[in-house]
Amino acid sequence: METSGGADFCCPGCEAAYAAASTLEDHAVYSLLAHDNEDGSYTLSLGVEGIHCASCIRLIENALAAEPDVTGARVNMSTERLTVTWTGARDRGDKLGGVVTKLGYKLHALNDNDAVAHSQERTLLRAIAVAGFAAANMMLISIGLWSTGGETMGVATRDLFHWISALIALPTVIYAGQPFYRSAWAVLKEKHTNMDVPISLAVILACVMSVSETLRHGEHVYFDSAVMLLFFLLIGRYLDARAKGKARESASKLQSRLFGVATVLEGGKVSQVPIKELRQGALVLVATGESIPADGIVERGASAVDMSLITGETVPEAVAEGADVFAGTVNLSAPLQVRVSKASEKSLLSEIVRLMETSEQGRAKYVRLADKAARLYTPVVHAMGALTFIGWWLLASAPWQESLLHAVTVLIITCPCALGLAVPVVQVLASGKLMRAGVLLKSGDALEKLTGIDTVVFDKTGTLTIGRPELKSHDAGPNDFALAASLAAHSKHPLAGALRDAFEGDVISVEPVEVPGHGMEAHIDGKSVRLGSRAWCGGQPDDGDAVLELWLAVDGQPKARFQFADQLRTDAKETVSALKARGLEVHLLSGDRTQVATDVGAALGIDRVQAEVKPAGKCAYLADLKEQGRTVLMVGDGLNDAPALSAAAVSMSPSSAMDITQNTADVVFQGDLLSPVLTAYDHAVFSTRLVKQNFALAALYNVVAIPAAVLGFVTPLVAAVAMSGSSLVVILNAFRLNLRKDG
């Protein structure tokens, strides 16, 4: 395809983007809502009005993808949310937003989503009321027309009834059809189509044909069908809007925590500041019962905080001076003064919202399949409508009125809504439900990949155990203890953290190097100092005990042994048993000594145990499983086991609130229980089952409905009910996910 300027385009979507950019006169400052990414790019998330089918999604995404510097563009149909990422200047977001608005869609800030949705619902309800009132009155007239013929009634009386029907129907169609007409006209102005174009065309054709027949004193009048058609289409759209609102509920509730005002204490004066304007270093006063407005550190006060938003745990967590608190959590028992450590857009809650957006917009296999099907919608539906008219009129020698009615039916009934909703509604509901259970999806295809696993490999420390070991005993003198604590301060290993916490003195300034799989090493006063495993530090051969330990060595000579105790997660045994009961093979892969790992495996019922495995060995172990044809879920520390996690088909990790965004796993869970692993797997299996069912329902609808409409077995009214019903069936099937009990 060639433009007037001589540029070639591969598809109409690319040409649309070129045309939109060349005529852009939109000065909206969308870029103010963009947030910067670590790699220097920008990401902008906005609400989109006017999306009703997968064809709309394809049009917007193609237009944005054709823009220079755009690295990603995704529209989520169920949440009506656009996310676009680009490189270059921040104000590029204004032009990208203009590209979308020039295609006929309206954009707004995400915090306006609820207000916009409520306004749309009110508009639809008013249109439904008008169409319903008109349809009820027209039925009284239609009964007279249906129950007797023109010979008995008389042509003059029939014409009078037709004109009365026209007086009721035409104003109704003009007013009640506006939600469809506005959307159709907006895209037609830009020389494109969406689902509302054939719907609007069908209603207008039915009315034009009826007016023509009335003027000609004919009997083929379908004013009542046009009004009833709109009535049922509007009901379907309203219920669809309500269902989308329910699907957006989790993300909307999270977003609402990021808006509002905070009480700031500065220079002895108290002032109210919008939460979005809070910056690092501000001192915030949080009253009892209030949400904490930003991530920070408690500077004064002690209280209990409801952390369920972050961890999924319902038991309040005690906090005191020096404790970390997070935006969106609720202060329950006493006032707090919190020093803000992160600006609002960089808070943990903001990151969780972005993670949810990422998981909901992921291009899993079924999303890609729906996208491909949507590309065929526009040309196919209009071609089928035209061919149906030609076939009935020319080949079947039917009256043009009847032929046109069959074509109208095809335009209405051939709808990709059910197919477009098949995946995103399930994704949104699943990610929201898992989030409430303390499980966050970090990749869009995580649920799909979880469904296919047949093997689960657990790390031990921090995964099967709580990961908060305590120092129980040691034989180090004061100087050796200080050396060990100084090296431990630079490690994220749980044992190192416990050693550092147990030391009450001042640490020495050192710059150690971490040797993966062994420990920490530094040079102090010309001496080599190591803190790590028994073998690396020159300790005596393993005597067979199962004690967790770290050794300190100076110049290759062992100086001290530190012994720790860690607790298994309380539900670890039950979770392992449940996974095995689902037919999954369970392995334990640990860097600890053989006796320690074997004892843990025996306690949990894990037969396949591999101990004393270095990071490279873990990758090799997973590679061997893959060669055996196994599809592996690796559950381990997302900070220390990154190579092993990336080697698995899918990965999960327990994670504290502090390091959740640094985690490399596909799925992150919080809290002291292991059951989220089982919960995530069960939700993945059930969600994938629902997606397959939705695809089957959508395919069955089209296979049955389209031939029936072409062959004339379906009226426009039945087509309207069927089209709306197919979308609602898919949505209701997806909502079975919310009815399912966890565990």
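Residues numbered from 1 in each chain as written. Predicted model: local features only at pLDDT ≥ 70, side-chain atom pairs only at ≥ 80, totals over all residues. Heavy atoms only, no water.

Enquirer: How do you make sense of the sheet that holds strand E23 (residues 585–589) when you look at a structure like this?
Expert: Adjacent strands of a sheet pair through backbone hydrogen bonds, lying either parallel or antiparallel. Here seven strands make up an open sheet; going across it, the order is E15-E27-E26-E25-E16-E23-E24 and the pairing mixed. Each end of this open sheet is capped by a strand with a single partner; those strands are strand E15 (439–441) and strand E24 (608–610). Across this sheet, the average inter-strand angle for adjacent strands is 20 degrees, counted without regard to direction. Pairing of strand E26 (residues 650–654) with strand E27 (residues 667–669), which is carried by three bridges, proceeds in the parallel orientation. Of the residues in E27, the one forming a bridge with Ser653 is Val668. Running at roughly 160 degrees to E23, helix H24 (residues 615–627) makes contact with strand E16 (455–458), E23, E24 and strand E25 (632–635) of the sheet. (Pairing = 2+ DSSP bridges. Helix = DSSP H or I, 4+ residues; strand = E, 2+ residues; numbered from the N terminus. Axes fitted to C-alpha atoms, helices over the stretch in contact; angles between N-to-C directions. Contact = heavy atoms within 4.5 Å.)

Enquirer: Would you take a moment to explain unusual backbone geometry for this structure?
Expert: When glycine is set aside, most residues are seen to have a negative phi, and most peptide bonds are trans. In this structure, Asp69 is a non-glycine residue whose phi angle is positive, near 75 degrees. Relative to the helices and strands, Asp69 resides in the loop between helix H2 (54–65) and strand E3 (70–76). The backbone phi angle of Asp555 is positive, close to 50 degrees, even though this residue is not glycine. Along the chain, the position of Asp555 falls in the loop between strand E21 (548–554) and strand E22 (557–565).

Enquirer: Honestly, the sheet that holds strand E12 (residues 324–325) in this entry has me stumped. Any pointers?
Expert: If you trace the six strands from one edge of the open sheet to the other, you get E7-E6-E8-E14-E9-E12, paired in antiparallel fashion. Looking along the sheet, the strands with just one partner apiece sit at the ends: strand E7 (269–274) and E12. In terms of strand pairing, strand E9 (residues 296–300) meets E12 through two bridges, oriented antiparallel. Looking at the pairing, Ile297 lines up with Asp324 of E12.

Enquirer: Help me understand the side chain of His406, please; the structure alone is not making it clear to me.
Expert: Relative to the helices and strands, His406 is located in helix H15 (residues 400–413). A relative accessible area of 7% means that His406 is categorised as buried. When neighbours within four sequence positions are excluded, His406 is seen to be in contact with Thr388, Trp392, Ala709 and Gly712. (Buried < 20%, exposed > 50% of the residue type's maximum accessible area, 1.4 Å probe, protein only.)

Enquirer: When you look at a nonpolar patch on the surface in this model, what are you seeing that I'm missing?
Expert: A grouping of Leu387, Ile390, Trp393, Leu394, Leu395 and Trp400 is seen on the molecular surface, where their side chains present a nonpolar patch of about 670 Å² in accessible area. If you tally residues by element for the nonpolar patch, the top one is helix H14 (residues 377–395), at five residues. On the basis of relative accessible area, Trp400 is assigned to the partly exposed category, the value being 32%. (Patch = residues over 30% accessible without salt bridge, like charges linked within 9 Å, V, L, I, M, F, W, Y side chains within 5 Å. Areas by Shrake-Rupley, 256 points an atom, 1.4 Å probe, with all protein chains shown as cover. Salt bridge = Lys/Arg side-chain N within 4 Å of Asp/Glu carboxyl O.)

Enquirer: Which parts of the structure should I look at to understand the nonpolar core?
Expert: When a protein is soluble and globular, its nonpolar side chains tend to lie buried together. Formed by 47 residues in total, the largest nonpolar core has its most connected members in Phe458, Leu633 and Val677. A per-element tally of this core places helix H26 (residues 675–710) first, with nine residues. Not counting residues up to four positions away in its chain, the partners in contact with Val677 are Phe458, Leu579, Leu633, Val635, Met652 and Phe669. Within the second largest apolar cluster, 43 residues are counted, among which are Val173, Ala202, Phe223 and Leu411. (Core = buried A, V, L, I, M, F, W, Y, C linked by side-chain atoms within 4.5 Å.)

Enquirer: What's the story with the pattern of salt bridges in this structure? I'm lost.
Expert: Pairs can form between side chains of opposite charge once their charged atoms are near each other. All chains considered together, the criterion is met by 14 salt bridges. For Arg216, the salt bridge is made with Glu213, and the minimal N-O distance between the two is 2.4 Å. Residue Glu213 is classed as buried on the basis of its relative accessible area of 1%. Between Arg339 and Glu299 there is a salt bridge, and its shortest N-O distance comes to 2.9 Å. Of this pair, Arg339 sits in strand E14 (residues 336–340) while Glu299 sits in strand E9, and the two are 40 residues apart along the sequence. Within the structure, one salt-bridge network assembled from shared partners comprises Asp454, Glu585, Arg608 and Arg630.

Enquirer: Would you explain the confidence of the model for the protein chain in this entry?
Expert: Caution applies to low-pLDDT regions: their predicted coordinates should not be interpreted in detail. Mean pLDDT over the protein chain: 78, with 78% of residues reaching 70 or higher. Here helix H1 (residues 12–22) stands out as the least confident element of the protein chain, with mean pLDDT 45; helix H22 (residues 572–581) is the most confident, with 93. A low-confidence stretch, residues 9–14 stays under pLDDT 50, and its non-local contacts, those more than four residues away or across chains, total 11 contacts. Confidence over residues 16–27 falls short of pLDDT 50; this stretch has 18 contacts with residues more than four positions distant or in other chains. (pLDDT = per-residue confidence, 0-100.)

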